[in-house]
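What follows is the residue order along each chain.
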Amino acid sequence: MGRPPHPLVRRPSRRLGGLALLGASALVAAAVAAPSPPADARAADRVETPVATGSPVTGVAESLVRVRVPLPASAGPHPEACDWLSYLRFRDSGGPAAPAQADRILVAQPGILEGAGAFDSVARNTVAAAAKNGEHIEFWALDRRSNCLEDRTGVQAGLAAKDVHLAVDYYYRQKEVDGRKFAGYQSNDQVKWLQNVGLEQTVRDEYDLMASELPDQKARKQKMLCGGHSLGGVLTAFFAEWDFDGNHSTTDDAGYNQCSGYFALDTRISTNLPGMDGQLPTDLIPLLQFGAGAVQAGLESGVVPRALSAPALINSETMNLLSIAGLAADIAPAGLSDLATYVPSSFNTDTTYRLLFSKDYPTFVKGSPTVKDFRITNAAALGGLLDDNSQPLAFLQASVGFWDGGKIVDKEFPAPNDLDSIGLGGLAQLLGPDKKAIPDQPNGPLYTWRNYDRVGAPDDPGHTSKDGTPFTSAAKEVTDIGELARSLAEQPLDFTEHYFPTKMVTDIALAASPGIADDAVHTGGPTANPIINLEAGDGLGGRTPQPGDVIAPGYQHIDVLTASAQQNGGKPEIVSTNLAAFAAK
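A brief structural summary. (Residues numbered from 1 in each chain as written. Predicted model: local features only at pLDDT ≥ 70, side-chain atom pairs only at ≥ 80, totals over all residues. Heavy atoms only, no water.)

## With respect to the overall build of the protein
Link 1 in the chain: The helix and strand inventory of the protein stands at 19 helices and 14 strands.
Link 2 in the chain: Carbon and sulfur atoms make up 53% of the accessible area of the protein, which totals about 21,000 Å². (Helix = DSSP H or I, 4+ residues; strand = E, 2+ residues; numbered from the N terminus. Areas by Shrake-Rupley, 256 points an atom, 1.4 Å probe, with all protein chains shown as cover.)

As structure tokens, this is what we get:
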């Protein structure tokens, strides 16, 4: 951790808008990092465990399902935990317990750097909305196989003890939890097997899981809807094209015949990387220009990192820090945050804080004041990390409210708020359309967080940008920060993704090359079934509206997953209500 990237893996440029649109590319096995299934589970092929959370959405039962589907021998040595596929199952608690008896089952692929836990709110809201109309549906949030490397022990122990320091001590100070010690974040050498886990394995995992859980192909075709968020739309398109039995003349096994329809959450059901204009993302991985053989050789030698990461902001440690920040905000939202001081200092954490909490370039260069010089609550710390008026990268933004408690000014780093006036308006796709803001009184008042449903309230001071316009309004805020914190902390499968396989990006970029997607032969698959596109009104953009698109005003890229069931003005949540209606057709 903390070393500069290899010279053959450069930081992405502005031309990477397409990968950013998919959710992560703006910057972007020996030791077992995740607990193996318990001994009694290893004797079975399927284990389902109820999940209890504090969600205000009642009437929805959640469980963690693990199904044993071993990797092929060609994947190479890997942890035993990675021979299991996992998903979060959300269903109407008043409906049938067996999936085969559900009216519909929505199967969702996550985006880059995203885990199954990210679907928590949209899954619950959709199941609940359908139940109100007499429909008993299920929502299956898939976890990628590589997420078996994550270790949630510290977060779960901190949640149980209501002590965020316990989580930090586990990950940073070798404190044992139930006799277990954190094995550390996995190095490039420790995840060597990921060089063989790309597009083909991912779509096959989805097929194998669906076939295992609902063996009758005709029932799958009738009941299942396939889709995803961000990159999940691209993966769904390849899934629809794939032939899974190797006999291209038969179609019962084809991906499109496992689904009755498709849903796209701020994405498209398309095999094309949006925004790339037919070009390979060589700024991210230069070896792409030399073809599939060179890329695979780069992965096998380790020259191309096997998991997508950067030395700060986007890597396994900072993804885990988001869970820890969510844990603190979940346990004690109004408590004084000390994560910036209690988490040990390192190049990665210090640089990440400077990138996220510098007011302007002089502050960034000087390194002062730092986030450690401000008094902020745990909720405000989480808001500063992910809110669309704070987080600089659009693919990580949600609309969760605004700063409160003291003087707020324009955040002019890494880019000024008046991009159009200086001819850089095109960066809005990367940075988001909303002005950024930051506290401006170090060693001063306690900065708090005004939740989404308190923006515009009578006691709202109405903070304004230097140009006199409000930073935000009630119409632009849609996600409850408490619910976001709960999803980050309480889900047994993570909201974030620590080890996204680089091979996934390279395979998609080189899908036309022999040996990459040879079984993606049913090219009419992505249009063979009805589609609903559910777009964030202030999301990553770059897509031409299509008839029937549902646009969620004020939503950011993450909001399509996290928006509250009850919106400002008493309106129902637009994404889940439309998705439930689509499922009922």
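That was the structure; now back to the text.
## Notes on the side chain of aspartate 330
Link 1 in the chain: Examined against the element boundaries, aspartate 330 turns out to sit in helix α10 (residues 316–331).
Link 2 in the chain: In this structure aspartate 330 touches Leu159, Gly482, Ala485, Arg486, Ala489 and Glu490, once residues within four positions along its chain are discounted. (Contact = heavy atoms within 4.5 Å.)

## Regarding the sheet that holds strand β4 (residues 104–109)
Pairing between sheet strands relies on hydrogen bonds along the backbone, with the strands arranged either parallel or antiparallel.
Link 1 in the chain: Reading across from one edge, β1-β2-β3-β5-β4-β6-β7-β13-β14 is the order of the nine strands in this open sheet, with mixed pairing throughout. Of all strands in the sheet, those with a lone pairing partner are β1 (46–51) and β14 (550–552), marking the two edges. The sheet shows a mean angle of 20° between the axes of neighbouring strands, direction not considered.
Link 2 in the chain: Relative to strand β3 (residues 84–92), strand β2 (residues 60–68) runs antiparallel, the two being bridged by nine bridges. Residue pairing across strands places alanine 61 opposite arginine 91, the latter belonging to β3. (Pairing = 2+ DSSP bridges. Axes fitted to C-alpha atoms, helices over the stretch in contact; angles between N-to-C directions.)

## Side note on unusual backbone geometry
Link 1 in the chain: The omega angle of the peptide bond from serine 368 to proline 369 is -5°, so this bond is cis rather than trans.
Link 2 in the chain: Mapped onto the fold, proline 369 is located in the loop between α13 (361–366) and β8 (375–376).
Link 3 in the chain: Cis geometry is found at the peptide bond from phenylalanine 413 to proline 414, where omega equals 10°.
Link 4 in the chain: Positionally, proline 414 belongs in the loop between β10 (408–410) and α15 (428–431).
Link 5 in the chain: Phi at serine 230 is positive, roughly 60°, even though this residue is not glycine.

## Thoughts on the pairing of strand β13 (residues 531–536)
Link 1 in the chain: Counting buried positions over the six residues of β13 gives five, a clear majority of the element.
Link 2 in the chain: As defined by bridge partners, strand β7 (residues 261–265) adjoins β13 across four bridges and the pair is classed as parallel. Within the sheet, the bridge partner assigned to phenylalanine 263 lies in β13 and is isoleucine 532.
Link 3 in the chain: Here β13 pairs with β14 via three bridges, running parallel. Bridge pairing in β14 links leucine 534 to valine 550. (Buried < 20%, exposed > 50% of the residue type's maximum accessible area, 1.4 Å probe, protein only.)

## A look at the state of the cysteines
Two cysteines whose sulfur atoms are joined by a covalent bond form what is called a disulfide.
Link 1 in the chain: Evaluated as defined, the whole model comprises two disulfides.
Link 2 in the chain: Disulfide partner of cysteine 82: cysteine 148, at an S-S distance of 1.8 Å. On the sign convention where negative is left-handed, the bridge of cysteine 82 and cysteine 148, at about 90° about the S-S bond, is right-handed. Of the two residues, cysteine 82 is situated in the loop between β2 and β3 and cysteine 148 in the loop between β5 (137–143) and α4 (153–161); the sequence distance between them amounts to 66 residues. The pair formed by cysteine 82 and cysteine 148 is uniform in burial state, with each residue classed as buried. (Disulfide = S-S within 2.5 Å.)

## Side note on the pattern of salt bridges
Link 1 in the chain: Under the criterion given, the structure shown has 27 salt bridges.
Link 2 in the chain: In this structure, aspartate 538 engages lysine 476 in a salt bridge whose closest nitrogen and oxygen atoms are separated by 2.5 Å. Taken together, the residues aspartate 538 in the loop between β13 and β14 and lysine 476 in the loop between β12 (446–451) and α16 (481–490) connect sequence positions 62 residues apart.
Link 3 in the chain: The buried category is assigned to aspartate 538, whose relative accessible area is 16%.
Link 4 in the chain: Sharing partners across several salt bridges, the network here consists of Arg46, Glu48, Arg89, Glu138 and Glu213. (Salt bridge = Lys/Arg side-chain N within 4 Å of Asp/Glu carboxyl O.)

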